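Observations on the three-dimensional arrangement
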Amino acid sequence: MKNQQRTISRVVEYSGIGLFTGEEVRLCFKPSSVDTGINFVRTDIEGHPKIPASVETVSDSERQISLKKKGVGIKSIEHLMAALAGLGIDNIEIEINGNEVPAGDGSSLIFTQLLKGTGIVPLEKPKKTFYLKKELRVSNGDASIIALPYNKGLFLSYILDFNGSFLNRQCFEIEMTENNFSTQIASARTWGLSSVVEEFKKKGLGKGVTDDNSLILHEDGTITKPLSMTPANLRFPNECVRHKILDIIGDLYLTNLELNARIVATKSGHYLNACMAKKIIEISKKQINN
Ligand SMILES: [Zn+2]
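So, here's what we can say about the structure. Not measured: the values here are computed from a predicted model. (Residues numbered from 1 in each chain as written. Predicted model: local features only at pLDDT ≥ 70, side-chain atom pairs only at ≥ 80, totals over all residues. Heavy atoms only, no water.)

Spatially, S6-S7-S8 is the arrangement adopted by the three strands of the open sheet, whose pairing is antiparallel. Both outer strands of the open sheet, strand S6 (58–60) and strand S8 (72–74), are each paired with one neighbouring strand and no more. Neighbouring strand axes in the sheet, compared pairwise and without regard to direction, differ in orientation by 40° on average. (Pairing = 2+ DSSP bridges. Helix = DSSP H or I, 4+ residues; strand = E, 2+ residues; numbered from the N terminus. Axes fitted to C-alpha atoms, helices over the stretch in contact; angles between N-to-C directions.)

Structure below.
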C-alpha cells in the first residue's frame with residue numbers, strides 16, 4: 001500500500017497569524033477523494049472559490065509562494081505544502097477564511113504534527129509518480145538548481161553560501177522519506193537577512209513576524225530572534241540550510257507528483273524552485289505523451 005494516494009482520515013482545524021499580513025486566519029483540513037489533489041477553499045469569499053495548489057496557479061514566487069485563480073489568491077503556502085509532501089498526502093481540501101496560510105512556528109512542524117495526528121489513510125489508486133530521465137537545469141545569477149535522473153525516490157542537496165558574510169557556507173543533503181522529513185527537516189524555521197527585514201519593515205510587510213516564528217541572520221554571523229534581537233536557540237546548528245531544503249520540498253510538490261530525481265540546489269529560493277517545478281511538469285507531460 002506504500003504507493004497508494006493518501007488523504008487525512010478526519011477533519012482538523014488550526015488557527016494562527018500570517019507572516020506577511022499579521023492577520024489571524026482559521027484553517028480547516030478535510031479529507032478528499034482520489035485524484036482531487038490539494039485545494040484551498042476561500043470560505044471568506046462568496047461562493048467559496050477553490051484554488052488548486054499546482055504549478056499552473058502560482059502567481060508570485062518572491063520570498064513565498066502565492067497561488068491565484070480567477071482573481072482569488074492565497075499566500076505563503078510553501079511550509080504547508082512541504083508538510084503535505086513529507087507526509088505523502090496527495091488529496092486534501094484546506095478551507096481558509098483569509099488570504100495567507102498561518103506561519104505557525106515558521107517551519108512545517110505544526111502542520112506535520114496536526115495532519116499526522118489525524119491518521120493518514122491510503123486511497124484506492126496509486127500515486128502519480130514521475131521518473132526524471134534527463135538532466136534539467138534552472139539558474140538565476142549565481143543561484144541554480146540541477147535535477148538529475150535518480151530512480152530511488154527524491155534526494156536533495158543544498159548549498160547555502162553568502163560568500164563570507166552572514167553565515168559560513170552550509171551544505172546539507174537528505175533522502176526524502178517520511179521519517180527523514182519529520183525528524184530532520186520539518187522543524188527547521190524560516191529566516192531572513194537583517195537587511196531584508198529592514199526593507200520589509202519600511203514597506204509595512206512582515207506584520208506577523210514574532211520572536212517565535214522566524215530567525216534573523218546578521219552580517220557579523222550572529223542569529224537572533226527578530227523583535228527582541230536576543231540570541232536565537234537553534235534547533236539544528238545548520239537550521240538555515242535545512243529550511244532551504246524544506247522550501248524546495250514544498251515548492252516541488254506544486255507538481256503534485258511523487259518525484260524520483262536527485263536535486264542539487266545552490267543558493268536557490270522560491271522563484272527558482274517554482275521554475276524547476278514548472279520544468280518538471282513540462283517534461284512529465286511530454287513523457288506521458290510519448
Ligand atoms: Zn520557507
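After that view of the structure, there is still more to cover.
What follows is about the sheet that holds strand S2 (residues 12–17). With respect to topology, five strands assemble into an open sheet ordered S2-S3-S9-S4-S5, the strand pairing being mixed. The open sheet has two edge strands, S2 and strand S5 (50–52), and neither has a second partner. The mean angle between the axes of side-by-side strands here comes to 25°, regardless of whether they run parallel or antiparallel. Note: S2 against strand S3 (residues 24–31), six bridges, orientation antiparallel. Within S3, the residue paired with Glu 13 across the bridge is Cys 28. Against the sheet, helix H2 (residues 109–118) touches S2, S3 and strand S9 (92–96), its axis set at about 170° to S2. (Contact = heavy atoms within 4.5 Å.)

With that settled, the discussion passes to the coordination of the zinc ion. Within the protein, the atoms that donate to the zinc ion are His 79 (NE2), His 243 (NE2), Asp 247 (OD) and Asp 247 (OD), at distances of 2.1 to 2.7 Å. Here the zinc ion is ringed by four donor atoms whose angles at the metal span 53 to 152°, and the overall shape comes out irregular. Positions of the donor residues of the zinc ion along the chain correspond to the pattern H-x163-H-x3-D. Note that His 79 is positioned in helix H1 (residues 78–87) and His 243 in helix H5 (residues 239–252), a separation of 164 residues in sequence. You'll find His 79 and His 243 in the same group, each marked buried. (Donors = N, O, S within 2.8 Å, 3.2 Å for Na, K, Ca; no water. Tetrahedral: all angles 85-135°; square planar, octahedral: opposite > 155°, others 65-115°. Buried < 20%, exposed > 50% of the residue type's maximum accessible area, 1.4 Å probe, protein only.)

Turning to helix H4 (residues 194–203), a few remarks are in order. When H4 is considered as a whole, its buried residues turn out to be Ser 194, Val 196, Val 197 and Phe 200. Down the axis of H4, the sector holding all buried residues measures 155°, keeping them to one side. Exposed and facing more than 90 degrees away from the buried side of H4 are Lys 202 and Lys 203. In the core, the buried residues of H4 are packed alongside strand S16 (191–193) and strand S17 (215–217). Two residues or fewer past H4, Gly 204 is found with a positive phi of approximately 75°. (Arc of directions from axis to C-beta.)

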